[in-house]
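# Summary of the model geometry
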Amino acid sequence: MPVSTQSLIDDASAILQDTGTTRRWSTKNLLRYLNAGQVATVKLVPAANVGRFVFQLAAGAFQRLPDGTANFVDVLSGDPIPRSIALMRMHCNMGDDGASPGRVITPAQKSVFDTTDPSWPSVTPSQVVVHYMVSPEIKRGYFVYPPQPADGQGYVEAFLSTLPEDCAAYDSDTFISLGDEYADALLYFILYRAYMIDTDEVDGAQRSAAFWNQFAEAIGRFDLVQRQNTPTVGKQRMDALT
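Here the structure is a predicted model, which means the values were calculated and not measured. (Residues numbered from 1 in each chain as written. Predicted model: local features only at pLDDT ≥ 70, side-chain atom pairs only at ≥ 80, totals over all residues. Heavy atoms only, no water.)

## Topic: the sheet that holds strand β6 (residues 141-148)
With mixed pairing, four strands are arranged side by side in an open sheet as β2-β6-β5-β4. The open sheet has two free edges, formed respectively by β2 (60-64) and β4 (106-107), since each of these has just one partner strand. Pairing between β2 and β6: four bridges, direction antiparallel. For arginine 64, the partnering residue across the bridge sits in β6 and is glycine 141. (Pairing = 2+ DSSP bridges. Helix = DSSP H or I, 4+ residues; strand = E, 2+ residues; numbered from the N terminus.)

In structure tokens, the structure reads:
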């Protein structure tokens, strides 16, 4: 069943031994940590929040990921597409109206195109996309082949990793934005952040590091597990979230 913000934050408060009338960590702050944990989870594991969208491409070969504004509207819902951090899969062309499924779009390696046909960005534009290309060094965009025309660009169906919507309140009727399978990871992240700022606790830094490791393991990012806690290691943890 869905996991509410109240149940998750209450669990965190119990572990923090902070359930009295006067609290060191307010539910407002713990809710902020929860929302930060959801964003951190998706940044580290883009597959944690993937949606299906239909949208119109821009002119040319280079395409930007949706930025959460009205520049990218989802045909399926009529709403702006949430800010996206990764193109997971481009499925098929959707015609000139966003409602006409067409040719399937396959992934390709940009390095191969650049080597075998260095002039590919200048080939005759077409509304119908044949391939899409993602480059690891380009975080906020991707390429399509052939390029889109200057007018009458085509629509595509794609699966995008998007930043999750913030949970607005601490109550039993507000649920986490990610799947229930991430509830434990979010609990660990809340505790990691709570202890990270708790300078009054002698072992606060060690507890924070321990809960960071549990968070990293819970989302399957074992490469981020730290075996020691130093200022350098702490900076590495923050760098992983940028």
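Now, onward.
## Remarks on the side chain of glutamine 38
The residue glutamine 38 is located in helix α2 (residues 27-44) in this model. What glutamine 38 contacts, discounting residues up to four positions off in sequence, is Pro164, Glu165, Cys167, Ile176, Ser177, Leu178 and Leu186. (Contact = heavy atoms within 4.5 Å.)

## Here we look at the pattern of salt bridges
Under the criterion given, the structure shown has four salt bridges. In this structure, arginine 221 and aspartate 223 form a salt bridge, with 2.8 Å as the shortest nitrogen-oxygen distance. Overall, the relative accessible area of 55% leaves aspartate 223 in the exposed class. (Salt bridge = Lys/Arg side-chain N within 4 Å of Asp/Glu carboxyl O. Buried < 20%, exposed > 50% of the residue type's maximum accessible area, 1.4 Å probe, protein only.)

## With respect to the pairing of β6
Within β6, seven of the eight residues are buried, which leaves it mostly tucked inside the rest of the structure. Pairing of strand β5 (residues 131-133) with β6 involves three bridges; the strand directions are antiparallel. From the neighbouring strand, tyrosine 132 faces β6, where its bridge partner is valine 144.

## What to know about the sheet that holds strand β1 (residues 50-56)
The antiparallel open sheet is built from three strands, whose spatial order is β1-β7-β3. Whereas interior strands pair on both sides, the edge strands pair on one side only; in this sheet they are β1 and β3 (84-93). Sheet twist, expressed as the average angle between the axes of neighbouring strands with direction ignored, equals 30°. As paired strands, β1 and strand β7 (residues 155-162) are joined by seven bridges and run antiparallel to one another. Note that in β7 the partner of phenylalanine 53 across the bridge is alanine 158. (Axes fitted to C-alpha atoms, helices over the stretch in contact; angles between N-to-C directions.)

## Notes on the environment of glutamine 226
Within the element layout of this structure, glutamine 226 appears in the loop between α5 (204-218) and α6 (231-240). The buried category is assigned to glutamine 226, whose relative accessible area is 17%. Separated by 16 residues in sequence, glutamine 226 and alanine 210 have C-alpha atoms that sit 8.5 Å apart.

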